[in-house]
Amino acid sequence: MWDIDGNEYIDYVSSWGPAIIGHADGEVFAALAESMKKGTSFGASCFPENVLAEIVISAVPSIEMVRFVNSGAEACMGVLRLARAFTGREKIIKFEGCYHGHADPFLVKARSGVATLGLPDSPSHLFKTNKGEVAAVILEPIVGNAGFIPPKPEFLNAIRALTKDNGALLIFDEVMTEFRLSYGGAQDYFGLTPDLTTLGKIIGGGLPVGAYGGRRDIMEMVAPAGPMYQAGTLSGNPLVAQASRHINAGKKASHCICGGYINGMFGFFFTEGPVYNYEDVKKSDTAKFGKFHRRMLEEGVFFAPSQFEAGFTSLAHTPEDIKLTITAA
């Protein structure tokens, strides 16, 4: 991208996440232009909103019903009210370092009773000292607002068990991780289903949009099906609904891949992962790896000719070598 002075930048901010297929995508622009010919907002549901709802429900494991709003922050405010309405409880547990918008309940400090991320005993203590009063636990399954902080493998499972044991709801804030960590978000990647999920601008190509959804019995608390009122004139408007077509475009263009490195040894697999053992490794798409290996050879990059071999860097490799490898990939 370019600034007003003509300086060129490689953009790694991506509008804080939603520009998953880049900026100024021609297909998205064409869809928006066509939609604007019919009007920008009607204060009523529209057909593209239904299409977007079907996409979200089919993609996100926890979502059986969905309600659209105008931002991720608004989605978190709505899901907080919903959790309280469904459980009849008032208190919420959140984690230091996780950001859920600017509403007052989400901006408390650690010394005010916020749990510590990565320590299952911390929320356990809060449940014990507030027995029968906690409505929900809300967290970013991978923290993106305090740097990039993935959880320990056992952490999310411990929180899931803790909420079930105490009759509380588990809420995943997937504003950053949905459609990016995997098509079904962090919950699909980790194989763990929360009760409720919040989504943000990525579902609308960067336009102002958000959503919350989850189990049908919980979502039926929302008006007009239930007693918890929530509405918004611009929620699910035709412009953001049309821009959502980038979600499927991104899915078709993406490749499931995971991997990692320690010092001079690395590896990657053509599978969503995570990979913890050989059974996970065997889920890799070896045919896709074969095509990748051949194309990398043509670009002058030599990897081991097998999906099941590690790679190695040496002192002879330069930063430029790494850059060229990434460019070729």
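For every chain, the first residue of its written sequence is number 1, and the numbers climb from 1 along that sequence. Local features in a predicted model are, by the rule used here, given only for residues with pLDDT of at least 70; side-chain atom pairs are given and counted only at 80 or more, and totals for whole chains, interfaces and linings are based on all residues. In computing side-chain properties, one takes all heavy atoms of the structure into account and sets aside hydrogens as well as water.

Asker: Could you give an account of the nonpolar core, with specific residues and numbers?
Answerer: Across soluble globular proteins, nonpolar side chains show a tendency to be buried alongside one another. If you look at the biggest cluster of nonpolar residues, it comprises 20 residues, and the most contacted ones within it are L82, I171, L196 and Y212. Where helices and strands are cited, they refer to DSSP runs of H or I of at least four residues and of E of at least two residues respectively, numbered from the N terminus. Secondary-structure elements contributing two or more residues to this core are α3 (72-87), β3 (134-139), β4 (169-173) and α7 (216-219). Contacts: residue pairs with any heavy atoms within 4.5 Å of one another. Beyond its immediate sequence surroundings of up to four residues, L82 is in contact with L196, Y212, I218, M219, M221, V222 and M228. Buried Ala, Val, Leu, Ile, Met, Phe, Trp, Tyr and Cys residues that are joined via side-chain atoms within 4.5 Å together make up what is termed a nonpolar core. For each residue, the accessible area found with a 1.4 Å probe, counting protein chains only, is set against the maximum for its type, and the residue is called buried under 20%, exposed over 50%, and partly exposed in between.

Asker: Let's hear about helix α5 (residues 153-165): which residues, and what values?
Answerer: Taken residue by residue, α5 has F155, L156, I159, R160, L162 and T163 as its buried positions. The arc that holds the buried residues of α5, viewed along the axis, is 165°, so those residues lie on one side. Exposed residues pointing more than 90 degrees away from the buried face of α5 are listed as K164 and D165. G167, located one to two residues past α5, shows a positive phi value of around 65°. The reported arc concerns the directions from the helix axis to the C-beta atoms and nothing else.

Asker: Go over a nonpolar patch on the surface, please, and point to the residues and values.
Answerer: The grouping of M1, W2 and Y9 at the surface amounts to a nonpolar patch, some 380 Å² of accessible area in total. With respect to the secondary-structure elements, W2 resides in the segment before α1 (26-36). Here W2 falls in the exposed class, since its relative accessible area comes to 60%. Residues forming no salt bridge and having over 30% relative accessible area are the ones grouped into patches, like charges within 9 Å of each other and nonpolar side chains (Val, Leu, Ile, Met, Phe, Trp, Tyr) within 5 Å. The Shrake-Rupley method, run with a 1.4 Å probe, gives the accessible areas here. Residue values count only the displayed protein chains as cover. Whenever Lys or Arg places a side-chain nitrogen within 4 Å of a carboxyl oxygen from Asp or Glu, that contact is recorded as a salt bridge.

Asker: Explain the pattern of salt bridges to me, and be specific about the residues and the numbers.
Answerer: Applying the stated criterion across every chain yields a total of nine salt bridges. Where R160 meets D195, a salt bridge forms, and the shortest distance between an N and an O atom there is 2.8 Å. With R160 in helix α5 and D195 in the loop between α6 (185-190) and β5 (196-199), the pair connects residues that are 35 residues apart, well separated along the chain. The class of R160 is buried, set by a relative accessible area of 9%. Using a relative accessible area of 6% as the deciding quantity, one classes D195 as buried. The residue R215 makes a salt bridge to D195 at a minimum N-O spacing of 2.9 Å. Linking R215 in the loop between β6 (210-214) and α7 with D195 in the loop between α6 and β5, this pair joins segments that are 20 residues apart in sequence. Through salt bridges that share partners, R160, D195, R215 and D217 make up one connected network.

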